[in-house]
Amino acid sequence: MSPMLAPHTKQSLFNVWFSADDEDYVFNTKTSAMFQMDPAYLSHVSEDEACTLMSSGILVDEKKDEVSILEHEVMEGLNVPIGEVYLTIVLTERCNFRCVYCYQEHGGESLTPRDSHELLKHAERIVQRGATALRIVYFGGEPLLNREAILQIDAGMKAISREYGVEYSALISTNGSLLDDELLERVSFERIRLTFDGDETWHNSLKRAHSFPYREQVSLLDRIVRTTASNLEIRLNLCRENADSFVETLNDISTMISANI
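(A) Expanded view of the overall build of the protein. Looking only at helices and strands, the protein has eight helices and ten strands in total. Rg of the C-alpha trace for the protein: 26 Å, well past the compact-globule value of 18 Å for 261 residues, more than 25% over. Its C-alpha atoms give the protein principal-axis dimensions of roughly 70 × 50 × 35 Å. Per-residue burial over the protein gives 39% buried out of 261 residues.

Encoded structure:
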């Protein structure tokens, strides 16, 4: 039986009750409010507590039609100007490093030229609906194993940007091994995210591939800083083995490149 509630109130349709470590909780999936509470407690909350529960959405006015309100909010949201659009594109599932800790399957799936063409058509439709900027993240696997897709999509996005007067910027998340000067010049990435796996010892040992060792990665960092306008972001993959090398790696990188990052 549902507990008797504060006068003229009812439980929200969006409440979820659950138990953890022998304690009862209620979570409202619409407001994200959560309280540690026995369901029976709702039958004897104080006036102040009832106000708190109502302001958090756990309790609502007994006449409130939450479904109709949600439908109205969704429809209003569909009519809000789009503004900036962020697209993360997985160009390929393949990777040329195959690090020992990696959990990805690295199958053979890659974005095809036809896929890229359809993606560009979709991006154009988004812009026609009012988007003011396209922010594209090239991701993988190792995205540079599908270099032609990057060049095709980048050229298409630049054409859309020129035709409709919208901003376009590109970010790439990469291990850096295939990032050459030609690609840096042609794409002009707004941000480049490079991955390190700890200091020189760990970075070189955690990769099954023996190409592109730590020193070459640091040299690439230095070249990006000196020769491009790209913002540089360093990502460190931490595991149990290399965790203690985190600070040393950052110090090493900061002393070996020609500018602050």
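(B) View of the nonpolar core. With 44 residues, the main nonpolar core has Tyr138, Met157, Leu179, Phe189 and Ile192 as its most contacted residues. Among the elements that make up this core, the one with the highest residue count is helix α4 (residues 147-164) (six residues). For Met157, the residues in contact, after removing those within four places along its chain, are Leu87, Leu120, Ala123, Leu134, Ile136 and Tyr168.

(C) Expanded view of the sheet that holds strand β3 (residues 23-28). Read from one edge of the open sheet, three strands run β2-β3-β4, paired in antiparallel fashion. Each edge of the open sheet carries a strand with a single partner, namely β2 (15-20) and β4 (34-36). Each strand of the sheet is rotated relative to its neighbour by a mean of 20 degrees, with strand direction disregarded. Where β3 lies against β4, three bridges are found, and the strand directions are antiparallel. Within β4, the residue paired with Phe27 across the bridge is Met34.

(D) Region of the structure containing the pairing of strand β7 (residues 131-139). With seven of its nine residues buried, β7 lies for the most part within the structure. One ladder, built from eight bridges, connects strand β6 (residues 83-90) with β7; its direction is parallel. Bridged to Leu87 within β7 is Ile136. By the bridge criterion, six bridges tie β7 to strand β8 (residues 167-174) in an arrangement that is parallel. Its bridge partner being in β8, Ile136 is matched across the sheet by Ala170. A crossover connection joins β7 to the parallel β8 through α4; in handedness this β-α-β unit is right-handed.

Here is what the cut-offs are and how they apply
Residues numbered from 1 in each chain as written. Predicted model: local features only at pLDDT ≥ 70, side-chain atom pairs only at ≥ 80, totals over all residues. Heavy atoms only, no water. Helix = DSSP H or I, 4+ residues; strand = E, 2+ residues; numbered from the N terminus. Rg over C-alpha atoms; globule rule 2.2 N^0.38 Å. Buried < 20%, exposed > 50% of the residue type's maximum accessible area, 1.4 Å probe, protein only. Core = buried A, V, L, I, M, F, W, Y, C linked by side-chain atoms within 4.5 Å. Contact = heavy atoms within 4.5 Å. Pairing = 2+ DSSP bridges. Axes fitted to C-alpha atoms, helices over the stretch in contact; angles between N-to-C directions. Right-handed = clockwise from strand over helix to strand, strands pointing away.

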